[in-house]
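Structural overview
Each chain, written out:
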Amino acid sequence: MSQRLILERALLPEGWRDDVLVTHAGGVVTAVEVGGEPSPDDERVAGVVVAGVGNLHSHAFQRGFAGLTERRGEGASDHFWTWREEMYRFARTILPEDLEAIAALGQIEMLESGFTGVAEFHYVHHRPDGGAFDDPAEMSAAVVRAAEATGIGLTLLPVFYAHGGFGGRPTGEGQRRFVTDLDGFSRLVEAAAAHVARLPGGRIGIAPHSLRAVGPDELVELVARHGSGPVHIHVAEQTAEVEDCLAATGRRPVDRLMDLVEVGANWCLVHATHVGEAEIARMAAARAVVGLCPITEADLGDGIFPATDFVGCGGRFGVGSDSNVLISLPQELRLLEQSQRLRDRARNRLATPPKSTGRALFDNAVAGGAAALGRGVAGIAVGAPADFVALDAGHPALFGRTADAVLDSWIFAAAGNPVRDVWAGGRPVVRGGRHVARDAVEAGWRATLARIVERESKPFR
Ligand code: NGQ
Ligand code: ZN
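These notes cover the structure that comes with them.

1. Quick word on the coordination of the zinc ion (ligand 2)
Each protein donor to the zinc ion (ligand 2) is listed here as His57 (NE2), His59 (NE2) and His234 (NE2); together their distances run 2.0 to 2.1 Å. On the primary sequence, the residues serving as donors to the zinc ion (ligand 2) are separated as H-x1-H-x174-H. On the criterion of sequence distance, the pair formed by His57 in strand S5 (residues 53-58) and His234 in strand S10 (residues 231-235) is long-range, its members being 177 residues apart. The pair formed by His57 and His234 is uniform in burial state, with each residue classed as buried.

2. Describing the pattern of salt bridges
Taken as a whole, this structure holds 29 salt bridges when the rule is applied. Among the ionic pairs, Arg343 bridges to Asp344, the shortest N-O distance being 2.8 Å. For Asp439, the salt bridge goes to Arg434, with nearest N and O atoms at 2.4 Å. Each of Glu112, Arg438, Glu442 and Arg446 takes part in one network of salt bridges that share partners.

3. With respect to the packing of aromatic side chains
Within this structure, the stated rule accounts for twelve aromatic pairs. The interplanar angle of 40° and the centroid separation of 6.0 Å between the aromatic rings of Phe80 and Trp83 together place this pair among those described as tilted. Of this pair, Phe80 and Trp83 are both found in helix H1 (residues 80-91), three residues apart, which corresponds to roughly one turn of the helix. One exposure class covers both Phe80 and Trp83, and it is buried. With 5.9 Å between their ring centres and 50° between their planes, Phe362 and Trp410 make a pair best called tilted.

4. Some points on the nonpolar core
Across soluble globular proteins, nonpolar side chains show a tendency to be buried alongside one another. Of all hydrophobic cores here, the largest spans 141 residues; its most connected members are Trp267, Met283 and Phe362. No other element matches helix H2 (residues 96-113), which puts eight residues into this core. Sequence-distant contacts of Trp267, defined by excluding residues within four places in its chain, comprise Val223, Val231, Ile233, Leu257, Val261, Glu262, Ala288 and Val289.

5. Examining the site of ligand 1
What surrounds ligand 1 is a group of 14 residues, the closest being Arg84, Tyr123, His209, Arg212 and Glu237. In the environment of ligand 1, an oxygen atom lies 2.7 Å from a nitrogen or oxygen atom belonging to the side chain of Arg212. A distance of 3.0 Å separates a nitrogen atom of ligand 1 from a polar side-chain atom of Asp322. For ligand 1, whose accessible area on its own is 330 Å², the fraction buried by protein is 99%.

6. Quick look at the sheet that holds strand S3 (residues 28-34)
With respect to topology, eight strands assemble into an open sheet ordered S3-S2-S1-S4-S14-S15-S16-S17, the strand pairing being mixed. For this open sheet the edge positions go to S3 and strand S17 (434-435), each flanked by a neighbour on one side alone. As defined by bridge partners, strand S4 (residues 43-51) adjoins strand S14 (residues 388-391) across four bridges and the pair is classed as antiparallel. Its bridge partner being in S14, Val49 is matched across the sheet by Ala390. Sheet strands touched by helix H3 (residues 138-150): strand S16 (427-431) and S17. Its angle to S16, the strand with the most contacts, is close to 80°.

7. Digging into the environment of Gln340
Along the chain, Gln340 turns up in helix H11 (residues 329-344). In this structure the C-alpha to C-alpha distance between Gln340 and Met87, which are 253 residues apart in sequence, comes to 28 Å. With near-sequence residues (within four places) excluded, Gln340 lies in contact with Ile304, Phe305, Pro306, Ala307, Thr308, Arg349 and Leu350. For Gln340, the side chain forms a polar contact with the main-chain oxygen of Phe305, separated by 2.7 Å. A polar side-chain atom of Gln340 sits 3.3 Å from the main-chain amide nitrogen of Thr308.

8. Looking at helix H12 (residues 357-372)
When the terminal C-alpha atoms of H12 are compared, their 22 Å separation across 16 residues agrees well with the 22 Å that a helix rising 1.5 Å per residue should span. Burial of H12 is extensive: 13 of the 16 residues sit out of reach of the surface.

9. Topic: empty space enclosed by the protein
In this approach the atoms are scanned with a rolling probe the size of a water molecule, which exposes any empty space left behind. In total, this model carries four cavities of 30 Å³ or more according to the counting rule given. In this model, the largest cavity occupies a volume close to 170 Å³. Lining the largest cavity we find 19 residues, and of these Phe80, Trp83, Met87, His209 and His234 sit closest to its centre. If you tally residues by element for the lining of the largest cavity, the top one is H1, at five residues. Along the lines of polarity and charge, the residues of the lining of the largest cavity split into eight nonpolar, seven polar and four charged. Its volume calculated, the second largest cavity comes out at about 110 Å³. Along the wall of the second largest cavity there are 14 residues; nearest its centre are Gly52, Ala370, Arg375, Gly379 and Pro385. Elements supplying a minimum of two residues to the lining of the second largest cavity: S5 and H12.

Thresholds applied
Residues numbered from 1 in each chain as written. Chains lettered and ligands numbered in written order. Predicted model: local features only at pLDDT ≥ 70, side-chain atom pairs only at ≥ 80, totals over all residues. Heavy atoms only, no water. Donors = N, O, S within 2.8 Å, 3.2 Å for Na, K, Ca; no water. Helix = DSSP H or I, 4+ residues; strand = E, 2+ residues; numbered from the N terminus. Buried < 20%, exposed > 50% of the residue type's maximum accessible area, 1.4 Å probe, protein only. Salt bridge = Lys/Arg side-chain N within 4 Å of Asp/Glu carboxyl O. Phe/Tyr/Trp six-rings, centres within 6.5 Å; stacked < 30°, edge-to-face > 60°. Core = buried A, V, L, I, M, F, W, Y, C linked by side-chain atoms within 4.5 Å. Contact = heavy atoms within 4.5 Å. Near = heavy atom within 4 Å. Polar contact = N/O pair within 3.5 Å; in protein donor to acceptor, adjacent residues only side chain to side chain. Areas by Shrake-Rupley, 256 points an atom, 1.4 Å probe, with all protein chains shown as cover. Pairing = 2+ DSSP bridges. Axes fitted to C-alpha atoms, helices over the stretch in contact; angles between N-to-C directions. Expected span 1.5 Å × (residues − 1). 1 Å grid on protein atoms, 1.4 Å probe; cavity = no way out; pocket = protein on both sides within 12 Å on 5 of 7 lines; lining within 4 Å. Points joined across faces, edges and corners; volume = space filled by probe spheres on them. Nonpolar A, V, L, I, M, F, W, Y, C, P; charged D, E, K, R; others polar.

Written out as structure tokens, the structure reads:
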């Protein structure tokens, strides 16, 4: 059955329009008419409506230890690799029901901030002792159940992980829940796909974890077997990875990756922080989406992605919440722009006139997110998922603003959350700024965190 919404003001791919009649059926937009004839059954949506954004990179379980790695450890300094040890320690404890509860709260926070879909880069596959679950996709199924409860559009990316570093170094204790061989991975993908199939709007892709964790022959084989959908990979996030890659292969990571396999528009290169001029041009020419995760990249001390140069080459990007230390679509976009301003000591670095900075950031996030999630059509348009975000035009930060200034004010000037209502796959999931299942999901979250604390002998810092 089709449903109709009358949007008072909306951002369509062709620009800002008033009185837009949107029809959707089966979770997909079937018609968009400006000035269409309303009928009494239509739902009127006041305020300003924009498309929902795909969160192109999440590790759901990491939401569970957010805020617990902000003390300096024993060593001389803390950095990405010491954080990773803490993260592994947390990953070792997570059971399927824990993952379901943690993922559900994270997804609610995503939806309430304007993310209507998520690409879940999922690598905690096995039991805590490294043994196999009866269903190889047991942990994946927990993420799928969370998405069923929250309504977020899930693109599940089972991760292939085989090595502890370049040159086929063995994996360590902390990685034992992640590791499969190629055939085990194919079975996992098949089992995960069966779970995803019951999810409206669910999609599946793959994620070779990184050039550190995946050998060259394995990468080629993974793409040959499973490379028809979205393919995501972490690349060049830390300078140590660049150095190790150069030492092992004589090439920088992005060059190495693109020498090995044909990277195209279905690829999402996550982070790509440390890239040279030639790599920037190469990623842009390939139409790959660069998956930027500014909050996590700042949190982990990764560095600053050369977004101005990449956009100058016509490159495509979107944003992801990655470690989920803090989940907020506008804050990801703001920090992305502000990192460029701090580096360049200049303003409006990612604006593409006549679009304002906020509009340019937002449009990229919509298009890049849709591509990375394998969703085809982006924006409020026929064939796209019925994912809409209604902003409260009366919110103090937005009041009196028109056109692009609404997005600028949301992204740069709103401390509170002006997101009022959200639809994901046609389903109303946020009403009055609150997810409809928030109470139940919060209760599950609290119970889960209490369980984890009880189970752990050594508390998280
Ligand atoms: C991850 N996260 O897989 O969760 C990674 C850390 C790694 C980020 N890179 C582990 N932000 O890269 O080896
Ligand atoms: Zn990641």
